[in-house]
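Geometric and topological summary
Chain residues, written in single-letter form:
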Amino acid sequence: MIDNAINIKVLDETAPLEAVIVGFAGNLGIPGSKYVHPDQWTGKTAPKEDEVNDPKSRMHLIDGTYPLEEDLRRENQHLLSVLAKHNVKVYQPINLPATNQIFTRDIGVVIDDIFIKTNMKTSKRQSEFFAIRDIVSDIAQEIWFPPQTVKIEGGDVFPHYDKIFVGQAAKGSEGLRCDRSNPASIEYLKDKFDGKKEVIPIFLHKSDKDPKENCLHLDCAFQPLGNNDRCIIYPEGFEDQNQVSDLVSQFGGEENAIILKKEDMYHMNSNVFSISPEVVISGENEKEFGWLNEQLESKGFKVEKIPYSETAKMEGLLRCSTLPLRRKYN
């Protein structure tokens, strides 16, 4: 047994959190040094000379409102403080110079007692795994390394006991820069779990141009809550409304669903993070999160509100910034 070995276990999205990797908000470098205004595009896919990963970041770069590193550091510290308050063991990546390491969710995922090193679609993000390699090497349980043909990002992956929900591009969204986890990820998980889990692809609308039309990952459109008897969901983001009905039914029914509209999705309202079935971390900005927080509180949740609106400008929020390693199960 490794000294100070890390024991991992994640069966769902809401059980009491005991250990987590939280993204690092320092030394980000110069973001998006090359971008092309969408008005100048000739198609729906970002041109090759445009190096921006997502349409929301591009929009803020064009508008001159891209977040400052000092503000991202401050918001990251608020997240760390809330986790410390709830006695969660926190690990953080080592610093990779000139690399955005905030959205650590995408670089790995724990399902049951297995850590899966993910392969991100965006080549410039591949190096982020090396910043958590020492943490992963201390894991006491099994670690899987999918082949490079399997593109899978943690923001798309929702373990739920005998099921795994995985975000995929809807018809017409395939091949876009914002098309992340590929069909090979579905086959990989089905094969590796060998019938022990049902792997369910969830098809999402995406856009390289318009952040209000882009569900970058599944957690941009869906989030279980409570004892998996409630959820947040953005129906317009799904290709198949039968999948919306199935998810709502699985997670508490219509009376327990918080239904988002386009503006709510744009503000990342489904990308909150559960510390436990009773406690949810959300943004504090009243304009962006006020309605959501009222809904959560009316349903009995304690909502830990923190400033996170600057981080959200990069098309990620609280779930994106956290990679759970261990939750508590009786």
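Relevant structure appears above.
Below is a short write-up of the structure. Everything numeric here is computed off the predicted structure, so don't read it as measured data.

**Examining the side chain of Glu 13**
- Positionally, Glu 13 belongs in the segment before strand E1 (17-22).
- One polar contact links Glu 13 to Arg 319, side chain to side chain, over a distance of 2.9 Å.
- Discounting residues that sit within four places of it in the chain, Glu 13 has contacts with Arg 105, Val 157, Phe 158, Pro 159, Gln 223, Pro 224, Ser 274, Arg 319 and Arg 327.

**Quick look at the side chain of Arg 105**
- Topologically, Arg 105 is positioned in the loop between strand E2 (89-91) and strand E3 (108-111).
- Among buried Asp, Glu, Lys and Arg side chains, Arg 105 stands out as unpaired, with Glu 13 the closest opposite charge at 4.0 Å.
- Every residue in contact with Arg 105, bar those within four places of it in the chain, is listed here: Glu 13, Gly 154, Gly 155, Phe 273, Arg 319, Cys 320, Thr 322, Leu 323 and Pro 324.

**Concerning empty space enclosed by the protein**
- This model, assessed by the stated rule, comprises three cavities of 30 Å³ or more.
- The space that makes up the largest cavity amounts to roughly 70 Å³.
- If you trace the largest cavity, you find it lined by Val 10, Asp 12, Glu 13, Arg 105, Gly 108, Val 109, Val 110, Pro 159, Leu 323, Pro 324 and Arg 327.
- Taken together, the elements giving at least two residues each to the lining of the largest cavity come down to E3 and strand E15 (322-327).
- Of the residues belonging to the lining of the largest cavity, the class tally is six nonpolar, one polar and four charged.

**Brief notes about the nonpolar core**
- The biggest cluster of nonpolar side chains holds 61 residues, and the ones touching the most others in it are Leu 83, Phe 222, Phe 238 and Ile 281.
- By residue number, the principal contributor to this core is helix H2 (residues 69-85), which donates five residues.
- The residues touching Phe 238, leaving out its near neighbours within four places in the chain, are Ile 202, Phe 203, Leu 204, His 205, Leu 218, Ala 221, Phe 222, Ile 233, Val 244 and Leu 247.
- One finds Ile 8, Val 110, Val 136 and Leu 323 within the second-largest nonpolar core, a separate group that totals 17 residues.

**Focus: the pattern of salt bridges**
- Evaluated as defined, the whole model comprises 17 salt bridges.
- For the salt bridge of Asp 106 with Arg 125, the shortest nitrogen-to-oxygen distance reads 2.8 Å. Taken as a pair, Asp 106 in the loop between E2 and E3 and Arg 125 in the loop between strand E4 (114-117) and helix H3 (133-137) lie far apart in primary sequence, 19 residues in all.
- Note on Arg 125: relative accessible area 12%, which makes it buried.
- For Lys 212, the salt bridge goes to Glu 263, with nearest N and O atoms at 3.1 Å. With Lys 212 in the loop between strand E8 (198-204) and strand E9 (222-225) and Glu 263 in helix H6 (residues 262-266), this residue pair connects regions lying 51 residues apart in the sequence.
- Residue classification places Glu 263 among the partly exposed positions, given a relative accessible area of 39%.
- Salt bridges sharing common partners tie together Glu 13, Asp 219 and Arg 319.

**Here's the deal with unusual backbone geometry**
- Not every positive phi belongs to a glycine, and Asn 87 is a case in point at roughly 60°.
- Structurally, the position occupied by Asn 87 is in the loop between H2 and E2.

**Considerations on the sheet that holds strand E5 (residues 142-144)**
- Strand order in the open sheet made by the three strands is E3-E4-E5, with mixed pairing throughout. One side of each edge strand has no neighbouring strand; the edge strands of this open sheet are E3 and E5. Within this sheet the neighbouring strands show an average axis-to-axis angle of 25°, counted without direction.
- With four bridges joining them, E3 and E4 adopt antiparallel strand pairing. Bridge pairing in E4 places Val 110 opposite Phe 115.
- Lying on the sheet, helix H4 (residues 183-193) is in contact with E3, E4 and E5; it crosses E5 at an angle near 150°.

**Here we look at the pairing of strand E6 (residues 157-160)**
- Of the two faces of E6, the one lined by Val 157 and Pro 159 and the one lined by Phe 158 and His 160 are each fully buried.
- Relative to strand E7 (residues 163-169), E6 is paired through four bridges, and the arrangement is antiparallel. Note that in E7 the partner of His 160 across the bridge is Lys 163.
- Connecting the antiparallel pair E6 and E7 is a turn made up of two residues, with Tyr 161 showing a positive phi of about 55°.

**Focus on the pairing of strand E14 (residues 302-306)**
- Bridge count for strand E13 (residues 279-283) against E14 is five bridges, and the pairing is parallel. If you follow Val 280 over to E14, its bridge partner there is Val 303.
- Assessed by its sense of winding, the connection that carries the chain from E13 through helix H7 (residues 286-298) to E14 is right-handed.

**What to know about H7**
- Regarding H7, the residues found buried are Glu 288, Phe 289, Gly 290, Leu 292, Asn 293 and Leu 296.
- Tucked into the core, H7 has its buried residues touching E9, strand E10 (230-233), strand E11 (257-259), E13, E14 and helix H8 (309-312).
- Here H7 starts with a cap whose side-chain oxygen sits 3.0 Å from the backbone nitrogen of Lys 287, and that cap is Asn 285.
- Among the residues trailing H7, Gly 300 stands out with phi positive, at a value near 95°.

Conventions used here
Residues numbered from 1 in each chain as written. Predicted model: local features only at pLDDT ≥ 70, side-chain atom pairs only at ≥ 80, totals over all residues. Heavy atoms only, no water. Helix = DSSP H or I, 4+ residues; strand = E, 2+ residues; numbered from the N terminus. Polar contact = N/O pair within 3.5 Å; in protein donor to acceptor, adjacent residues only side chain to side chain. Contact = heavy atoms within 4.5 Å. Buried < 20%, exposed > 50% of the residue type's maximum accessible area, 1.4 Å probe, protein only. Lys, Arg positive; Asp, Glu negative; His and termini not counted. Salt bridge = Lys/Arg side-chain N within 4 Å of Asp/Glu carboxyl O. 1 Å grid on protein atoms, 1.4 Å probe; cavity = no way out; pocket = protein on both sides within 12 Å on 5 of 7 lines; lining within 4 Å. Points joined across faces, edges and corners; volume = space filled by probe spheres on them. Nonpolar A, V, L, I, M, F, W, Y, C, P; charged D, E, K, R; others polar. Core = buried A, V, L, I, M, F, W, Y, C linked by side-chain atoms within 4.5 Å. Pairing = 2+ DSSP bridges. Axes fitted to C-alpha atoms, helices over the stretch in contact; angles between N-to-C directions. Right-handed = clockwise from strand over helix to strand, strands pointing away.

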